[in-house]
Amino acid sequence: MTSAESATAALPPLPYATPPQWAPALLEHTATLLVDQGHLEKKAAAGALSFLFRVPGGNEVQRSLSALAREELVHFERTLRLLAARGIGFEPLQPSRYAERLKTAISRTMPHRLADELLVAAIIEARSHERMALLARALRGRDDELATFYDDLCEAEARHESLYAALAASLLPADDLTARFDVLSRHEQAVLTALPFAPRLHAGGSP
Ligand SMILES: [Fe+2]
Ligand SMILES: [Fe+2]
């Protein structure tokens, strides 16, 4: 078993790249995207807290997951401040079916189930990173405050991805990890490309 404390498991890139027209097509929907972001950050904090109770490990694993959960709540509060400053209410929003559909490929038996859940979390962080970077680039010069907001979140998403990857690597031999990432990342591609385009971070990529 690899130590999650020292592991810097880097996963291969996701097999599917969001098309370049995705972010420009969303520039008219930034208010909805920000509300979506608030809901995503809150769910990310809840996901990290759930792992905090289920991932085996000592002090360092617990501290890392606690810090991650806290950071997601800091993102949530930052999103709420930005919404308030722009006079946008934080309302309930129909989520995209992305996360729910991703979970259908998760193994039902332990220890693969927990490792798969961690890999799915790493994949969601990687996809969020990719898409927030695209949004930041499209917004730069049009809405610099929002471009900087997404740029700042990207930096955190990269760290979250590698923590979840390292924790998955602490549960599985390297060959199994690669094989499961392959299956789950291809499933993610199928899920994302089947979803219709919508003003959500995790909806279909083609307007
Ligand atoms: Fe976040
Ligand atoms: Fe995150």
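Let us look at the structure shown here. Computed from a prediction, not measured in an experiment: that's the story for all the values here.

Conventions and cut-offs
- Residues numbered from 1 in each chain as written.
- Chains lettered and ligands numbered in written order.
- Predicted model: local features only at pLDDT ≥ 70, side-chain atom pairs only at ≥ 80, totals over all residues.
- Heavy atoms only, no water.
- Donors = N, O, S within 2.8 Å, 3.2 Å for Na, K, Ca; no water.
- Helix = DSSP H or I, 4+ residues; strand = E, 2+ residues; numbered from the N terminus.
- Buried < 20%, exposed > 50% of the residue type's maximum accessible area, 1.4 Å probe, protein only.
- Phe/Tyr/Trp six-rings, centres within 6.5 Å; stacked < 30°, edge-to-face > 60°.
- Lys NZ or Arg CZ within 6 Å of the ring centre and 35° of its normal.
- Axes fitted to C-alpha atoms, helices over the stretch in contact; angles between N-to-C directions.
- Parallel < 35°, antiparallel > 145°, perpendicular 65-115°, else oblique.
- Left-handed = near helix turned anticlockwise from the far one by under 90°.
- Contact = heavy atoms within 4.5 Å.
- Nonpolar A, V, L, I, M, F, W, Y, C, P; charged D, E, K, R; others polar.

### What about the coordination of the iron ion (ligand 2)?
Here comes step 1: Only E72 (OE), E125 (OE), E125 (OE), E157 (OE) and H160 (ND1) from the protein coordinate the iron ion (ligand 2), and they sit 2.2 to 2.5 Å from it.
Here comes step 2: Taken in sequence order, the residues that donate to the iron ion (ligand 2) follow the motif E-x52-E-x31-E-x2-H.
Here comes step 3: A spacing of 3.6 Å is found between the iron ion (ligand 2) and the iron ion (ligand 1), which share E72 as a donor. Linking E72 in helix α3 (residues 59–85) with E125 in helix α5 (residues 112–139), this pair joins segments that are 53 residues apart in sequence.

### As for the coordination of the iron ion (ligand 1)
Here comes step 1: Surrounding the iron ion (ligand 1) are the protein donor atoms E41 (OE), E72 (OE) and H75 (ND1), which sit 2.1 to 2.3 Å from the metal.
Here comes step 2: Read in sequence order, the donor residues for the iron ion (ligand 1) give the motif E-x30-E-x2-H.
Here comes step 3: When its relative accessible area of 2% is taken as the criterion, E41 is described as buried.

### Describing the packing of aromatic side chains
Here comes step 1: Evaluated as defined, the whole model comprises three aromatic pairs.
Here comes step 2: With a centroid separation of 5.7 Å and an interplanar angle of 65°, the aromatic rings of F76 and F90 are classed as edge-to-face. Pair noted here: F76 is in helix α3 and F90 is in the loop between α3 and α4 (98–102), with a separation of 14 residues, a long-range link.
Here comes step 3: Judged by its relative accessible area of 26%, F90 falls in the partly exposed class.
Here comes step 4: Seen from their ring centres, F149 and Y150 are 5.2 Å apart, and the 70° between their planes marks the pair as edge-to-face.
Here comes step 5: Between R131 and the ring centre of W22, over which it is positioned, the NZ or CZ distance is 4.6 Å.

### As for the packing of helix α2 (residues 30–54) against helix α6 (residues 144–169)
Here comes step 1: As a packed pair, α2 and α6 sit with axes 13 Å apart at the nearest point and diverge in direction by 25°. Regarding the angle of α2 to α6, the classification is roughly parallel. The handedness of the crossing between α2 and α6 comes out as left-handed. Across the interface between the two elements, T30, L33, L34, Q37, E41, G47, A48 and F51 from α2 touch L146, F149, Y150, L153 and Y164 from α6.
Here comes step 2: Classifying every residue of the contact of α2 with α6 by side-chain character gives nine nonpolar, three polar and one charged.

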